[in-house]
Amino acid sequence: KGQFRALDPAKPGSGLGLPASRISLVSLPVLVMTMIAVSLTPRIGRHWGYRCAILVGAACNLAGFAGLLVLHASLVGYVASMLVAGLGPGFVAASTRTVVVSEIGGDEASTGSGIYEMAISVGGAFGSATISAILSSHTGSSGVVGLGGFTWMWAVCSALGIISTSAGVFSVVRFGRGTDVTG
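Residues numbered from 1 in each chain as written. Predicted model: local features only at pLDDT ≥ 70, side-chain atom pairs only at ≥ 80, totals over all residues. Heavy atoms only, no water.

*Asks:* Go over the packing of helix H3 (residues 50-71) against helix H4 (residues 75-103), please, and point to the residues and values.
*Replies:* Taken N-terminus to C-terminus, the directions of H3 and H4 make an angle of 155 degrees; their axes are 7 Å apart at the nearest point. Comparing their axes, H4 and H3 come out roughly antiparallel. Relative to H4, the crossing made by H3 is left-handed. A breakdown of the residues in the contact of H3 with H4 according to their chemical character gives 19 nonpolar, ten polar and two charged. (Axes fitted to C-alpha atoms, helices over the stretch in contact; angles between N-to-C directions. Helix = DSSP H or I, 4+ residues; strand = E, 2+ residues; numbered from the N terminus. Parallel < 35°, antiparallel > 145°, perpendicular 65-115°, else oblique. Left-handed = near helix turned anticlockwise from the far one by under 90°. Nonpolar A, V, L, I, M, F, W, Y, C, P; charged D, E, K, R; others polar.)

*Asks:* Which residues make up the pattern of salt bridges, and what values go with them?
*Replies:* One pass over the structure, following the stated rule, counts two salt bridges. Residue Arg51 is joined to Glu103 by a salt bridge in which the shortest nitrogen-to-oxygen separation is 2.8 Å. Note that Arg51 is positioned in helix H3 and Glu103 in helix H4, a separation of 52 residues in sequence. Residue classification places Arg51 among the buried positions, given a relative accessible area of 7%. (Salt bridge = Lys/Arg side-chain N within 4 Å of Asp/Glu carboxyl O. Buried < 20%, exposed > 50% of the residue type's maximum accessible area, 1.4 Å probe, protein only.)

*Asks:* Any details on the nonpolar core? Residues and values, ideally.
*Replies:* With 19 residues, the main nonpolar core has Phe4, Phe65, Leu68, Tyr78, Phe150, Met153 and Trp154 as its most contacted residues. Elements with a contribution of two residues or more to this core: helix H2 (20-48), H3, H4, helix H5 (109-136) and helix H6 (147-175). Broken down by element, this core gets its largest block of residues, four residues, from H6. Counting six residues, the second largest nonpolar core, distinct from the first, contains Ala53, Cys60, Leu87 and Phe91. (Core = buried A, V, L, I, M, F, W, Y, C linked by side-chain atoms within 4.5 Å.)

*Asks:* I'd like to hear about the confidence of the model for the protein chain, residue by residue, with values.
*Replies:* Summary statistics for the protein chain give a mean pLDDT of 89 and a share of 96% for residues scoring 70 or more. Ranking the helices and strands of the protein chain by mean pLDDT puts H3 first, with 95, and helix H1 (residues 2-6) last, with 83. (pLDDT = per-residue confidence, 0-100.)

*Asks:* Before we move on, can you summarise the packing of H2 against H4 with the specific residues and values?
*Replies:* In a packed pair of helices, the relevant descriptors are the angle between the two axes and the axis-to-axis distance. Where H2 meets H4, the axes come as close as 7 Å, and the angle between the chain directions of the two elements is 35 degrees. Where H2 crosses over H4, the handedness of that crossing is right-handed. Contact with H2, carried on its side by Arg22, Val26, Pro29, Val30, Met33, Thr34, Ala37, Val38, Leu40, Thr41 and Ile44, involves Leu75, Tyr78, Val79, Met82, Leu83, Gly86, Leu87, Pro89, Gly90, Phe91, Ala94 and Ser95 of H4 and no other residues of that element. Looking at the contact of H2 with H4 residue by residue, the class counts come to 17 nonpolar, five polar and one charged. (Contact = heavy atoms within 4.5 Å.)

*Asks:* Help me get a handle on the packing of aromatic side chains, residues and values and all.
*Replies:* The tally for this structure, following the rule as stated, stands at five aromatic pairs. Ring plane angle 25 degrees and centroid distance 5.6 Å describe the contact between Phe4 and Tyr78, whose orientation is recorded as stacked. Of this pair, Phe4 sits in helix H1 while Tyr78 sits in helix H4, and the two are 74 residues apart along the sequence. Tyr78 carries the same exposure label as Phe4, and that label is buried. Ring centres of Phe4 and Phe150 lie 5.1 Å apart, and the angle between their planes is 65 degrees; this geometry places the pair in the edge-to-face category. Remark: Phe150 occurs in helix H6 and Phe4 occurs in helix H1; sequence separation between them is 146 residues. The class of Phe150 is buried, set by a relative accessible area of 1%. (Phe/Tyr/Trp six-rings, centres within 6.5 Å; stacked < 30°, edge-to-face > 60°.)

*Asks:* Let's hear about the layout of surface pockets: which residues, and what values?
*Replies:* A probe matching the size of a water molecule, rolled over the atoms, marks out where space remains unfilled. Each pocket or cavity is described by its volume, and for the largest pocket that value is around 1400 Å³. In this structure, the largest pocket is lined by 40 residues; those nearest its centre are Asn61, Phe65, Pro89, Val92 and Ser164. Secondary structure elements with two or more residues in the lining of the largest pocket: H2, H3, H4, H5 and H6. Here the lining of the largest pocket is composed, by residue class, of 23 nonpolar, 14 polar and three charged. (1 Å grid on protein atoms, 1.4 Å probe; cavity = no way out; pocket = protein on both sides within 12 Å on 5 of 7 lines; lining within 4 Å. Points joined across faces, edges and corners; volume = space filled by probe spheres on them.)

The structure is reproduced here in structure tokens:
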């Protein structure tokens, strides 16, 4: 994503043309949104349920990446989409850990937590490898990723957002909101 922010919009790749100092300034609010989501998760979990918080996070990921597909050409659209997408990981990470540990018996909570952490690590590695493969398959002879690479990346992330939002809806309907963190 940093490369897209740096690419000259007048050249193939159609980026935002930001200097390095502004790239980091665009990234900072996204991290702040993730931290805000993490801090709001206990309130949402108590009032609407932790599964609902997971659903909100998945929907934020979907909305943010779908927004990037449509609004990436303008700095305002790009930043707005990234801010929404930034909420997703905060809600999902804080909520899923709570739901996983609460669904497992007391003796097995540490094992369940360890398996959860391993799944997060494997999922992150798989996601990074997938994004790298998508971007590298759209790299021109100059070594610069073309707009098609970013578009495919955002499309794949949007598709995963559809899947995770659908799974979130199913989970809430099938298992309840998960308001009580003990089950």
